[in-house]
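Architecture at a glance
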Amino acid sequence: MTYKNKKPESVKHKTLPLLLFFLGGLCVYLFMPYLSLLFFRPMLAGSYWDLLNGVGFVAFGLCIYLFIERARPRSWPKLKGDLFYWWHRLLAFALLLLSSIHGFGFLILEPVTWEYLSLRSPWYMLCAWLAWLFFVYLCLASIRPLKQRLHGGFLSFRFSHALLSILALVACLYHVVAAGFYFDRYAAWALFSLLFVLVVSYYALNRLGPKLSFSKILFDSDSKAHSQVGTSVKPTLFIGLVLLCVLFSGGLYVAAN
Amino acid sequence: MWRQISWAAGLLLIFAALASAFLSARKESLREAPLLEVYFAHKDHNKVGCANCHHNYVDGTGRQYGCYQCHKEDETVNLLVEEQFHGLCRDCHRDLKHMGKESGPVRQCGACHKPDTQP
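Residues numbered from 1 in each chain as written. Chains lettered and ligands numbered in written order. Predicted model: local features only at pLDDT ≥ 70, side-chain atom pairs only at ≥ 80, totals over all residues. Heavy atoms only, no water.

On to the domain arrangement of chain B, then. Residue and element names in this part refer to chain B. According to the domain assignment, chain B consists of domain 1 (1–33) and domain 2 (36–119). The gap between the C-alpha centroids of domain 1 and domain 2 is 36 Å. At the junction of the two partners, domain 1 supplies four residues and domain 2 supplies four residues. Of the roughly 450 Å² buried between domain 1 and domain 2 on both sides combined, carbon and sulfur atoms contribute 49%. The interface formed by domain 1 and domain 2 includes one salt bridge. As a salt-bridge pair, Arg31 and Glu75 come within 3.6 Å of each other at their nearest N and O atoms. At the junction of domain 1 with domain 2, the criterion picks out two residue pairs in polar contact (both at pLDDT 80 or more). (Domains from an automatic or database assignment. Contact = heavy atoms within 4.5 Å. Buried area = accessible area lost by both parts, 1.4 Å probe. Salt bridge = Lys/Arg side-chain N within 4 Å of Asp/Glu carboxyl O. Polar contact = N/O pair within 3.5 Å; in protein donor to acceptor, adjacent residues only side chain to side chain.)

See the structure below:
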């Protein structure tokens, strides 16, 4: 009983600033890439293009975040019980809303883009519509009554959710990169791919198990993983990541130009 | 085991058939797409050398047609109408704008795709 009386208060006092810090970090992650791109190379096609593309970039950032976070319980900031479902779903519907604003905004402000609703539109636009349809399905199929109808078994929901989210992520990436709005300077590519490689490798390393957990190696000094990894490994890891970024961004840059 | 493999192979086949049907429908539709109206006035472009755009005047592709007609009929380029023309017009406008000079529309579809009022 004493445990139960004591615990919640201390948690409350500790987590509120942490939560705010986390939300601030999320906002920086969502807005900084686009703002810095805008700084390097504005679009020069009227401010509504920049605005709608900004909305699109935030949606893309959310897409990557949702993919990594995977609606799982988390220790920092604490998400337990049904809270992490709620958080995942909230952000998913925000993503759906933002990507709809991005797409329908252009359809309204630039009526010529209705041309792009046909199957002869460029590949990066076909990818975009496909990804949007996937978003709609991913969101709708997760609402409980519909989920039970569409996916009787839990496994079929998990499988389709994972598959469609991977496809949607790849389609979005192609859409952002191949539209070629901002990525005709190497600096922009390098910045963008740095972010992407870091995020994806963070995800991959974390999934490989606690031994290789990236965040634990780097930040959690009293975990086993931290002490197991020698001091020489960390610079190697870092250099490897940087090399990976250079290769990735260079390759994409050459492929696209 | 064999059951799963034959299922996967069947799905793959169906997917390949759908994809190839989609690709050929896309090609057909691209070839038959009507040209959009484009506003283009030579007097806006009198500081630009003719051969920058009329590449056919210098590289021997032929002078018998105008740009749009030839690019629409020539089998080697008629899938690339959008890519090539947008590449030409937009890139020049964009690069000039980045140098701080006056130029035409970059991405605003409506500024180019509107009725041609002057020949």
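With that settled, the discussion passes to the packing of aromatic side chains. Summed over all chains, the structure comprises six aromatic pairs over all chains. Plain terms: the ring middles of Phe84(A) and Tyr85(A) are 5.0 Å apart, the flat faces sit at 45° to each other, and that makes the pair tilted. Taking relative accessible area as the criterion, Tyr85(A) reaches 38% and is therefore assigned partly exposed. Sitting above the plane of the Phe157(A) ring, Lys147(A) keeps its charged end 4.4 Å from the centroid. It is Arg26(B) that lies over the ring of Trp123(A); its NZ or CZ is 4.2 Å from the centre. (Phe/Tyr/Trp six-rings, centres within 6.5 Å; stacked < 30°, edge-to-face > 60°. Buried < 20%, exposed > 50% of the residue type's maximum accessible area, 1.4 Å probe, protein only. Lys NZ or Arg CZ within 6 Å of the ring centre and 35° of its normal.)

Here Glu110(A) is to be found in the loop between helix H3 (83–109) and helix H4 (123–140). Notably, Glu110(A) is buried but unbridged: the nearest opposite-charge side chain belongs to Arg90(B), and the N-O separation is 8.8 Å. A distance of 3.1 Å separates the side chain of Glu110(A) from the side chain of Trp49(A), its partner in a polar contact. Excluding residues that lie within four positions of it along the chain, Glu110(A) makes contacts with Tyr48(A), Trp49(A), Arg107(B), Gln108(B), Cys109(B) and Gly110(B). (Helix = DSSP H or I, 4+ residues; strand = E, 2+ residues; numbered from the N terminus. Lys, Arg positive; Asp, Glu negative; His and termini not counted.)

All right, on to the packing of helix H2 (residues 47–69) of chain A against helix H6 (residues 154–178) of chain A then. All names here are of chain A. Between H2 and H6, the least distance of the axes is 10 Å, while the angle of their chain directions is 150°. Crossing of H2 against H6: the hand is left-handed. Residues Phe57, Phe60, Cys63, Ile64 and Phe67 of H2 touch H6, and the partners they reach there are Ser165, Ile166, Leu169, Cys172, Leu173 and Val176. Of the residues contributing to the contact of H2 with H6, the split by class is 10 nonpolar, one polar and no charged. (Axes fitted to C-alpha atoms, helices over the stretch in contact; angles between N-to-C directions. Left-handed = near helix turned anticlockwise from the far one by under 90°. Nonpolar A, V, L, I, M, F, W, Y, C, P; charged D, E, K, R; others polar.)

Residue-level contacts link 24 residues of chain A with 21 residues of chain B. Contact between chain A and chain B buries roughly 1900 Å² in total, counting both sides, with carbon and sulfur atoms accounting for 59%. The three residues of chain A that bury the most area against chain B are Leu44(A), Leu119(A) and Arg120(A), which together make up 34% of that side's buried surface. In this assembly, chain A and chain B are joined by zero salt bridges. Applying the counting criterion to the chain A and chain B interface returns seven residue pairs in polar contact (both at pLDDT 80 or more). Put simply, the parts of the chain that give the side of chain A that touches chain B at least two residues each are H2 and H4 of chain A.

Right, let's talk about the domain arrangement of chain A for a bit. Residues and elements named next belong to chain A. Per the domain assignment, the segments making up chain A are domain 1 (25–182) and domain 2 (183–257). At the interface, 18 residues of domain 1 touch 13 residues of domain 2. Interface area for domain 1 against domain 2, summed over the two sides, is near 1600 Å², with a carbon-plus-sulfur share of 77%. Among the residues of domain 1 in contact with domain 2, Arg41, Ile68 and Val177 are the three that bury the most area, contributing 30% of the side total.

With that settled, consider the environment of Ala8(B). Residue and element names in this part refer to chain B. If you trace the backbone, Ala8 turns up in helix H1 (residues 2–32). Look at Ala8 and you get partly exposed, because its relative accessible area is 46%. Each C-alpha atom, one on Ala8 and one on Asp59, is 51 Å from the other, the two residues being 51 residues apart in sequence.

A word on the state of the cysteines. Simply put, disulfide is the name for a covalent bond between the sulfur atoms of two cysteines. For the coordinates displayed, the defined rule picks out zero disulfides over all chains. For Cys27(A), which is in no disulfide, the shortest distance to another cysteine sulfur is to Cys63(A) and amounts to 18 Å. Cys27(A) gets classed as partly exposed once you look at its relative accessible area, which sits at 41%. Just so you know, Cys92(B) is unpaired, no disulfide at all, and the nearest cysteine sulfur is the one on Cys53(B), 7.5 Å from it. (Disulfide = S-S within 2.5 Å.)

What follows is about the nonpolar core. Residues and elements named next belong to chain A. Grouped together as the largest cluster of nonpolar side chains are 54 residues, with contacts concentrated most on Phe57, Phe60 and Phe192. Going through the elements one at a time, helix H1 (2–40), H2, H3, H4, H6 and helix H7 (186–207) are the ones with two or more residues in this core. It is H2 that provides the largest number of residues to this core, a total of 11 residues. Composition of this core by domain shows at least three residues from each of domain 1 (25–182) and domain 2 (183–257). The contact partners of Phe192, leaving out residues within four places of it in the chain, are Phe57, Phe60, Leu173, Val176, Val177 and Phe183. (Core = buried A, V, L, I, M, F, W, Y, C linked by side-chain atoms within 4.5 Å.)

Turning to the environment of Leu95(A), a few remarks are in order. Residues and elements named next belong to chain A. Mapped onto the fold, Leu95 is located in helix H3. Distance in space between the C-alpha atoms of Leu95 and Phe60 is 8.0 Å, their sequence separation being 35 residues. Setting aside chain neighbours within four positions, we find Leu95 in contact with Ala59, Leu62, Cys63, Leu66 and Phe135.

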